Amino acid sequence: QVQLVESGGGLVQAGGSLRLSCAASGRTVSSFVMGWFRQAPGKEREFVASVPWSAGTRNYADSVKGRFTISRDMNKSTVYLQMNSLKLEDTAVYYCAARALSSGVWNYWGQGTQVTVAS
């Protein structure tokens, strides 16, 4: 099992920045891909960004490219999502997720953290 715990959400004004953290524990995650998803009220959960725990390509949703950066600190077993130039439409519950490198299914999820962008 893999446990994921997010933190860092909150209320921010449009144009501001936040950094989300996701602490991973449990089963060795070195062969996993770590990701961030979000779900806005009344909408389906959507992919935001992902990065392999080991070396590999970062992927981003078009809506966040150039504004969000995903990174990981292997020593701390923590994945980050730096969010800059936040927009009202970035308001959502943000979830950390993990999947095996060889799998297309995101098996592990955190509890979510609320990000609210105000005008």
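Refer to the preceding data block for the structure.
Here, residues in each chain are numbered from 1, in the same order as that chain's written sequence. Under the rules for a predicted model, residues below a pLDDT of 70 receive no local features and side-chain atom pairs below 80 are neither given nor counted, while totals for whole chains, interfaces and linings still include all residues. In computing side-chain properties, one takes all heavy atoms of the structure into account and sets aside hydrogens as well as water.

What about the packing of aromatic side chains?
Stage number 1. Here is the rule: rings of Phe, Tyr and Trp (six-membered ring for Trp) pair when centre to centre is within 6.5 Å. Planes less than 30 degrees apart are stacked, more than 60 are edge-to-face, and the remainder are tilted. One pass over the full model with this rule turns up 5 aromatic pairs.
Stage number 2. With centroids separated by 5.7 Å and ring planes inclined at 80°, the aromatic side chains of phenylalanine 37 and phenylalanine 47 adopt a geometry described as edge-to-face. With a gap of 10 residues between them, phenylalanine 37 in strand β4 (residues 32–39) and phenylalanine 47 in strand β5 (residues 46–52) connect regions that are remote in the sequence.
Stage number 3. The exposure class assigned to phenylalanine 37 is buried, which follows from its relative accessible area of 9%.
Stage number 4. Judged by its relative accessible area of 29%, phenylalanine 47 falls in the partly exposed class.
Stage number 5. Within the aromatic cluster, the residues linked to one another by ring pairs are Phe37, Phe47, Tyr95, Trp106 and Trp109. For helices the rule is a DSSP run of H or I covering at least 4 residues; for strands it is a run of E covering at least 2, with both sets numbered from the N terminus onward. When a residue's accessible area, from a 1.4 Å probe over protein chains only, is under 20% of the maximum for its type it is buried; when over 50% it is exposed; and in between it is partly exposed.

Some details on the pattern of salt bridges
Stage number 1. We count a salt bridge whenever a side-chain nitrogen from Lys or Arg sits within 4 Å of a carboxyl oxygen from Asp or Glu. Under the counting rule described, the total for this entry stands at 4 salt bridges.
Stage number 2. A salt bridge links lysine 65 to aspartate 62, with the shortest nitrogen-to-oxygen separation between them at 3.2 Å. Side by side, lysine 65 and aspartate 62 carry an identical accessibility label, which is exposed.

Brief notes about the pairing of β5
Stage number 1. Burial runs high along β5: 5 of the 7 residues are buried.
Stage number 2. At least two bridges found by DSSP between two strands is the condition for calling them paired. Two successive antiparallel strands, β4 and β5, enclose a turn made up of 6 residues, where glycine 42 displays a positive phi of approximately 75°.
Stage number 3. Between β5 and strand β6 (residues 59–60), which follow one another and run antiparallel, lie 6 residues.

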